[in-house]
Amino acid sequence: MCGRGSSGHAGVYLRYLVETRLRLPVSASAPSVITAFRTPLMLRRALFIVISQSGRSPDLVAATRSARAAGARTVAIVNATTSPVADAAEFVVPIEAGQEHSVAATKTVIGSMAAGAGLVAELADDDALRSALDRLPERLQRAMALDWSMIADDLEKASAVFVAARGLGLGSAREIALKLSEILRLPSIGLSAAELQHGPRAALSPRTPIIMMRLMDETAASVDALAEELRQQHIALHLCGGPQGSLPWLALDDAVTDPVTMLVPAYRMIEQAARACGFDPDRPPRLSKITETF
């Protein structure tokens, strides 16, 4: 599985889906192994999935071609179906999010996750997941009205931000952290709530707020326990989901689609905070839409 930046975060989400629903081990492959180190991978009988918004990053194109030449079945989840990555892959799953006008992609990330979930639903013949995906557009629309602006007060005085979740929420946590860094220019790290129990715990202080997402699945109890510990230590915690949640949220739905829906109020909060600071959320400085790593 291959992708960079926001597309890589959609890949993290898809990895958990494939492993939990299809029970297949997944390796997140770095394109630079093939491109920078010039090391062809042995991929016979493998499924190689590349996720890309533009489909034009040269290293992703080269990695897809190399994987296909090595015998892998290659699938491209792309927004631009007429692109080099799409041409290089054997199968194409279109995101169909329309043109992405901003550097900080949002709708294509949500579209990538939904497309990946749709692919897994069909491979697993999972009617429950198909039903959850049918409900997703309406839930995304309702999530637009959720107000997470209370987080912005803590961001103003923050030295850094931690965004945490477990399992299927990890990709969304990393995506929100990227957008905080990219758009608000605030050092942010997205990590597993389990990792927050170890080394990063020492870096927590009143100036390092935590945004945490809790899903109704096997990870819920551990996230609830961590939230209680953090509050006892007077760490600024903004929790979405569960009985201890402090952020506005919808009624719980499928744990596969909830991490996708949770991106919407986070994106809106970050956009509003950026405009309040006088930043252009669509055009972060010194960034371009396509990253070339050759």
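For the structure, see preceding data.
Residues numbered from 1 in each chain as written. Predicted model: local features only at pLDDT ≥ 70, side-chain atom pairs only at ≥ 80, totals over all residues. Heavy atoms only, no water.

Trainee: Would you mind showing me how to read the pattern of salt bridges here?
Mentor: Pairing is possible between side chains that carry opposite charge, provided their charged atoms lie close to one another. This structure, assessed with the given rule, holds 17 salt bridges. Of the charged contacts, one joins Glu-122 and Arg-130 as a salt bridge, the two residues approaching to 2.9 Å between their closest N and O atoms. Classification of Arg-130 by relative accessible area gives partly exposed; the value is 22%. A salt bridge links Glu-271 to Arg-275; its shortest N-O distance comes to 3.2 Å. Of the two residues, Glu-271 and Arg-275 are both situated in helix H11 (residues 263-276); the distance of four residues between them amounts to about one turn of the helix. Since its relative accessible area comes to 48%, Arg-275 is described here as partly exposed. One connected set of salt bridges, linked through shared partners, spans Glu-122, Asp-125, Asp-127 and Arg-130. (Salt bridge = Lys/Arg side-chain N within 4 Å of Asp/Glu carboxyl O. Buried < 20%, exposed > 50% of the residue type's maximum accessible area, 1.4 Å probe, protein only. Helix = DSSP H or I, 4+ residues; strand = E, 2+ residues; numbered from the N terminus.)

Trainee: I would appreciate a short explanation of the pairing of strand S1 (residues 47-52) in the present structure.
Mentor: Moving residue by residue along a regular strand, the side chains alternate between the two faces of the sheet. Among the six residues in S1, five count as buried, and that is most of the element. As paired strands, S1 and strand S2 (residues 73-78) are joined by six bridges and run parallel to one another. Each residue of the ladder has a partner; that of Ser-52, found in S2, is Val-78. Between S1 and its parallel partner S2, the chain crosses via helix H3 (residues 58-69), and the hand of that crossover is right-handed. (Pairing = 2+ DSSP bridges. Right-handed = clockwise from strand over helix to strand, strands pointing away.)

Trainee: Explain helix H8 (residues 170-184) to me, please; I cannot follow it from the model alone.
Mentor: Each α-helix winds once per 3.6 residues, and so residues spaced three or four apart point in a common direction. An ideal rise of 1.5 Å per residue puts 21 Å on 15 residues; H8 measures up with 21 Å between its terminal C-alpha atoms. Regarding H8, the residues found buried are Leu-170, Gly-171, Ser-172, Ala-173, Glu-175, Ile-176, Ala-177, Lys-179, Leu-180, Glu-182, Ile-183 and Leu-184. Just downstream of H8 lies Arg-185, where phi reads positive at about 60°. (Expected span 1.5 Å × (residues − 1).)

Trainee: How should I be thinking about the environment of Arg-166 in this particular structure?
Mentor: Relative to the elements of secondary structure, Arg-166 occurs in the loop between strand S4 (161-165) and H8. Sequence separation between Arg-166 and Val-12 is 154 residues, and the spatial gap between their C-alpha atoms is 11 Å. Those residues in contact with Arg-166 that lie beyond four places of it in its chain are Ser-192, Ala-193, Ala-194, Leu-215, Thr-219, Ser-222 and Val-223. One polar contact links Arg-166 to Ser-222, side chain to side chain, over a distance of 3.1 Å. (Contact = heavy atoms within 4.5 Å. Polar contact = N/O pair within 3.5 Å; in protein donor to acceptor, adjacent residues only side chain to side chain.)

Trainee: I would appreciate a short explanation of the pairing of strand S5 (residues 188-192) in the present structure.
Mentor: Burial runs high along S5: four of the five residues are buried. Taken together, the five bridges between S4 and S5 define a ladder with parallel strand orientation. Pairing of Val-161 across the sheet is with Ser-188, part of S5. Viewed along the sheet, the connection from S4 through H8 into S5 turns out right-handed.

Trainee: Help me out: how do you make sense of the sheet that holds S2 in this one?
Mentor: Strands pair in a sheet through their backbones, by hydrogen bonds, and they do so in one of two ways: parallel or antiparallel. Spatially, S1-S2-S3 is the arrangement adopted by the three strands of the open sheet, whose pairing is parallel. At either margin of the open sheet sits one strand with a lone partner, and together these are S1 and strand S3 (91-94). Direction aside, neighbouring strands of the sheet carry axes that sit 20° apart on average. Along the sheet, H3 makes contact with S1 and S2, crossing S1 at roughly 165°. Where helix H5 (residues 107-124) meets the sheet, it contacts S1, S2 and S3, and its direction lies at approximately 145° from that of S2. (Axes fitted to C-alpha atoms, helices over the stretch in contact; angles between N-to-C directions.)

Trainee: I tried to follow the nonpolar core on my own but got confused; where do I start?
Mentor: Judged by nonpolar contacts, the single largest core of 61 residues is most densely connected at Leu-17, Val-163 and Leu-180. Sort the elements by how many residues they give to this core and H11 lands first, with eight residues. In contact with Val-163, other than residues within four places in its own chain, are Ala-173, Ile-176, Ala-177, Leu-180, Ile-189, Gly-190, Leu-191, Ile-211 and Met-213. With 15 residues, the next largest nonpolar core counts Leu-196, Leu-204, Ile-210 and Ala-227 among its residues. (Core = buried A, V, L, I, M, F, W, Y, C linked by side-chain atoms within 4.5 Å.)

Trainee: What am I meant to see in the sheet that holds strand S7 (residues 237-240) here?
Mentor: Spatially, the four strands line up as an open sheet ordered S5-S4-S6-S7, and their pairing is parallel. Whereas interior strands pair on both sides, the edge strands pair on one side only; in this sheet they are S5 and S7. For this sheet, the mean inter-axis angle between neighbouring strands, taken without regard to orientation, is 15°. Examined bridge by bridge, S4 and strand S6 (residues 210-213) share three bridges and lie parallel to one another. Bridging across to S6, Phe-162 finds its partner in Ile-210.

These figures capture arrangement, not role.
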